[in-house]
Amino acid sequence: MIHYPLAMWLYGPLIHLWVMSFEAFHNFSCRLCHVICNFQNVAKPLAYQNQMLLCYNLMSRKLLCRKQWK
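Below is a summary of the structure that appears in this document. Quick caveat: nothing in here was measured; it's all calculated off a predicted structure.

### Let's talk about the overall build of the protein chain
Counting secondary structure elements, the protein chain contains three helices and zero strands. Going from N to C terminus, the protein chain has its helices and strands arranged as α-α-α. Counting every position in the protein chain, which comprises 70 residues, the buried fraction comes to 9%.

This is the structure in structure tokens:
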């Protein structure tokens, strides 16, 4: 905790250095690996499922339907 004041002075608020979004995606990826049961070629099904999730979110307009835009 001694280096926090220096880090805040150099980088600004430390909220910009959080890794919570990465951790959430990593948790999703780990759970997906256990569901798929493919441990030899992990990258291919994870990339495919990630693209399908992104496509679903875009097609269902979850990203576009926000109260502030109505």
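### Here we look at the environment of Ser29
Mapped onto the secondary structure, Ser29 falls in helix α2 (residues 20-36). As a C-alpha pair, Ser29 and Ala43 span 14 residues in sequence and 9.9 Å in three-dimensional space.

### Brief notes about the packing of α2 against helix α3 (residues 43-59)
For any two helices packed against each other, one specifies the crossing angle of their axes together with the interaxial distance. For the pair α2 and α3, interaxial distance at closest approach is 10 Å and the crossing angle is 115 degrees. Our pair here, α2 against α3, has a crossing hand that is right-handed. Contact with α2, carried on its side by Phe25, Phe28, Ser29, Leu32, Cys33 and Ile36, involves Pro45, Leu46, Gln49, Asn50 and Leu53 of α3 and no other residues of that element. Tallied by class, the residues present in the contact of α2 with α3 amount to eight nonpolar, three polar and no charged.

About the cut-offs
- Residues numbered from 1 in each chain as written.
- Predicted model: local features only at pLDDT ≥ 70, side-chain atom pairs only at ≥ 80, totals over all residues.
- Heavy atoms only, no water.
- Helix = DSSP H or I, 4+ residues; strand = E, 2+ residues; numbered from the N terminus.
- Buried < 20%, exposed > 50% of the residue type's maximum accessible area, 1.4 Å probe, protein only.
- Axes fitted to C-alpha atoms, helices over the stretch in contact; angles between N-to-C directions.
- Left-handed = near helix turned anticlockwise from the far one by under 90°.
- Contact = heavy atoms within 4.5 Å.
- Nonpolar A, V, L, I, M, F, W, Y, C, P; charged D, E, K, R; others polar.

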